[in-house]
Amino acid sequence: MILHVPHSARRIPAAVRADIVLDEQALNGELDHITDAHTARLASAATELASVRPWQFVNRLSRLVIDPERFPDEREEMLAVGMGAVYTRTTQRNMLRAADFDPTALLDRYFHPYAQAMTETVSARLRAAGRAVIIDVHSYPTERLPYELHTDGDRPSICLGVDDFHTPPELTARAAEAFAEFGGVAINSPFAGTYVPLDFYGINPRVTALMVEIRRDTYMAEPGGPPGPGLERLAVALAALVDGLT
């Protein structure tokens, strides 16, 4: 069991910050909107509560450095709004980096090593246990932001992102049960799919995965504010899901 937390951090190294065109006020505002605030804290609390401790894989850098869950090539649909593996546009579709920015250095320095480390973590779980279950922990804003491509679906308290190959029905059912008390669970709405390292993606059925997207008003003040009591309740639910799968 691996709790994967890719978007919880706000840290941007100085060398990366130099290529971002936003001033400090605008950058802090963008970080408020784009960061899945407190999700690392949620995963840590759930780990402490679970009867069998899951592994945690937590990105310590902002997704404005690189987004480890995007395809690094033309397969990525978010390229249409400048938000591939390296973002060139903001959540408001404004300029984040220069139009001619070359992402190669960031991909080499951050994206590919992250992907390799996650691949090695999953491989180790496969060798040790014969399977690996990735629970991808995210949050999303109550109100739609301009960068979102799919806008017709519901925005429930809990969105479960599933994949036809890597998310068996029993995994989805257990997650829906674990989070049932939060007032609404939807599948692949407003965000769809889940993260699996590319070495296993669509190939190895022993790697199963589920994305848990939590609407932010369920547990925090938006945008970018402090957590509320909902965080503790979510940790209990996430721990229950982990225990139900081990």
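Residues numbered from 1 in each chain as written. Predicted model: local features only at pLDDT ≥ 70, side-chain atom pairs only at ≥ 80, totals over all residues. Heavy atoms only, no water.

1. Quick notes on the side chain of Arg 97
Selection rule: Per the convention used, a helix needs a DSSP run of H or I reaching at least four residues, while a strand needs a run of E reaching at least two, with both numbered from the N terminus. Buried means the residue's accessible area, taken with a 1.4 Å probe over protein chains only, is under 20% of the maximum for its type, while exposed means over 50%, and partly exposed covers the values in between. Positive charge is attributed to Lys and Arg, negative charge to Asp and Glu, and no charge count is given to His or to the chain ends. In the sections that follow, a salt bridge refers to a side-chain nitrogen of Lys or Arg positioned within 4 Å of a carboxyl oxygen of Asp or Glu. N or O atoms closer than or at 3.5 Å make up a polar contact, with two conditions inside protein: a donor-capable atom paired with an acceptor-capable one, and, for residues adjacent in sequence, both atoms drawn from side chains. We call two residues in contact whenever any of their non-hydrogen atoms come within 4.5 Å of each other.
Mapped onto the fold, Arg 97 is located in the loop between strand E2 (55-58) and helix H4 (104-129). Despite its burial, Arg 97 pairs with no opposite charge; the closest candidate is Asp 19, at 5.9 Å N-O. A distance of 2.6 Å separates a polar side-chain atom of Arg 97 from the backbone oxygen of Leu 64. Setting aside residues no more than four positions away along its own chain, Arg 97 makes contact with Val 16, Asp 19, Ile 20, Val 21, Leu 64, Val 65, Val 86, Tyr 87, Thr 88 and Leu 106.

2. Observations concerning the environment of Pro 6
Here Pro 6 is to be found in the loop between strand E1 (2-5) and helix H1 (14-17). Sequence separation between Pro 6 and Pro 72 is 66 residues, and the spatial gap between their C-alpha atoms is 15 Å. With residues up to four places along the chain from it excluded, the contact list for Pro 6 reads Asn 59, Pro 68, Glu 69, Tyr 114, Asp 136, Val 137 and His 138.

3. Structural notes on the pattern of salt bridges
Opposite charge on two side chains allows them to pair when their charged atoms are near. A complete count under the given rule lists 11 salt bridges for this structure. One salt bridge in this structure joins Asp 73 and Arg 75, with 2.8 Å as the shortest N-O distance. Between Arg 215 and Asp 217 there is a salt bridge, with the nearest N and O atoms lying 2.7 Å from each other. Under the relative-accessibility criterion, Asp 217 is labelled partly exposed at 39%. Connected via shared salt-bridge partners are Asp 36, Arg 63, Asp 67, Arg 70 and Arg 216.

4. What to know about the packing of helix H3 (residues 39-49) against helix H6 (residues 230-245)
The condition is simple: Here the axes come from fitting lines to C-alpha atoms, over the contacting stretch only for helices, and the angles between their N-to-C directions go from 0 to 180 degrees. Just so you know how the angles are binned, under 35 degrees is roughly parallel, over 145 roughly antiparallel, 65 to 115 roughly perpendicular, and the rest oblique. Definitions for this section: a left-handed crossing has its near helix turned counterclockwise from the far helix by less than a right angle. A right-handed crossing has that turn clockwise.
At a closest axis distance of 8 Å, the pairing of H3 and H6 adopts a crossing angle of 55°. By the angle between their axes, H3 is oblique relative to H6. Every pair of crossing elements has a handedness; the one defined by H3 and H6 is right-handed. The segment H3 lies against H6, with Arg 41, Leu 42, Ala 43, Ala 45, Ala 46 and Leu 49 engaging Leu 231, Leu 234, Ala 235, Val 236, Leu 238 and Ala 239.

5. Quick look at the packing of aromatic side chains
Aromatic ring pairs are defined here through the distance separating the ring centres and the angle between the ring planes. Our working definition: Each Phe, Tyr or Trp ring, with Trp reduced to its six-membered ring, pairs with another whose centre is within 6.5 Å; inter-plane angles below 30 degrees give stacked pairs, above 60 give edge-to-face pairs, and intermediate values give tilted ones. We count a charge as sitting over a ring when the NZ of a lysine or the CZ of an arginine lies within 6 Å of the ring centre and within 35 degrees of the ring normal.
Scanning the entire structure with this criterion turns up 4 aromatic pairs. Taking 5.7 Å as the distance between ring centres and 70° as the angle between the ring planes, the aromatic pair formed by Tyr 140 and Phe 191 counts as edge-to-face. Linking Tyr 140 in strand E3 (residues 132-140) with Phe 191 in the loop between strand E5 (185-187) and strand E6 (207-215), this pair joins segments that are 51 residues apart in sequence. Residue Tyr 140 shares its accessibility class with Phe 191, and that shared class is buried. A cation over a ring is seen here: Arg 97 above Phe 101, with NZ or CZ 5.3 Å from the ring centre.

6. With respect to the side chain of Arg 70
Along the chain, the position of Arg 70 falls in the loop between E2 and H4. Classification of Arg 70 by relative accessible area gives buried; the value is 14%. Within the structure, the side chain of Arg 70 is placed 3.3 Å from the side chain of Tyr 87, a separation counted as a polar contact. Those residues within four positions of Arg 70 in sequence are excluded, and the remaining contacts are Arg 63, Glu 76, Met 78, Met 83, Gly 84, Ala 85, Tyr 87 and Phe 111.

7. Points about helix H5 (residues 169-178)
Here is the rule we go by: Directions are taken from the helix axis to each C-beta atom, and the arc is the one they span.
Listing the buried residues of H5 in full gives Leu 171, Thr 172, Ala 175 and Ala 178. Relative to the axis of H5, the buried residues are bounded by an arc of 125° and lie together on one face. Exposed residues lying more than 90 degrees from the buried face of H5 are Pro 169, Glu 170 and Glu 177. Among the structural elements, E3, strand E4 (158-161), E5, E6 and H6 are those in contact with the buried residues of H5.

8. Examining the sheet that holds E4
By definition, the strands of a sheet pair up through backbone hydrogen bonds, in either a parallel or an antiparallel sense. The test is simple: When DSSP locates at least two bridges between a pair of strands, those strands are taken to pair.
Strands sit in the order E2-E1-E3-E6-E4-E5 across an open sheet of 6 strands; the sheet is mixed. Among the strands making up the open sheet, the edge pair consists of E2 and E5. Mean inter-strand twist for the sheet, computed between neighbouring axes without regard to direction, equals 25°. Note that E4 and E5 share 3 bridges and pair parallel. Bridge assignment links Leu 160 to a residue of E5, and that residue is Ile 187. Sitting on the sheet, H4 touches E1, E2, E3 and E6, and the angle it makes with E1 is about 170°. Sheet strands in contact with H6 are E1, E3, E4 and E6, and its direction is about 160° off that of E3.

These results come straight from atomic positions and should not be treated as a statement about function.
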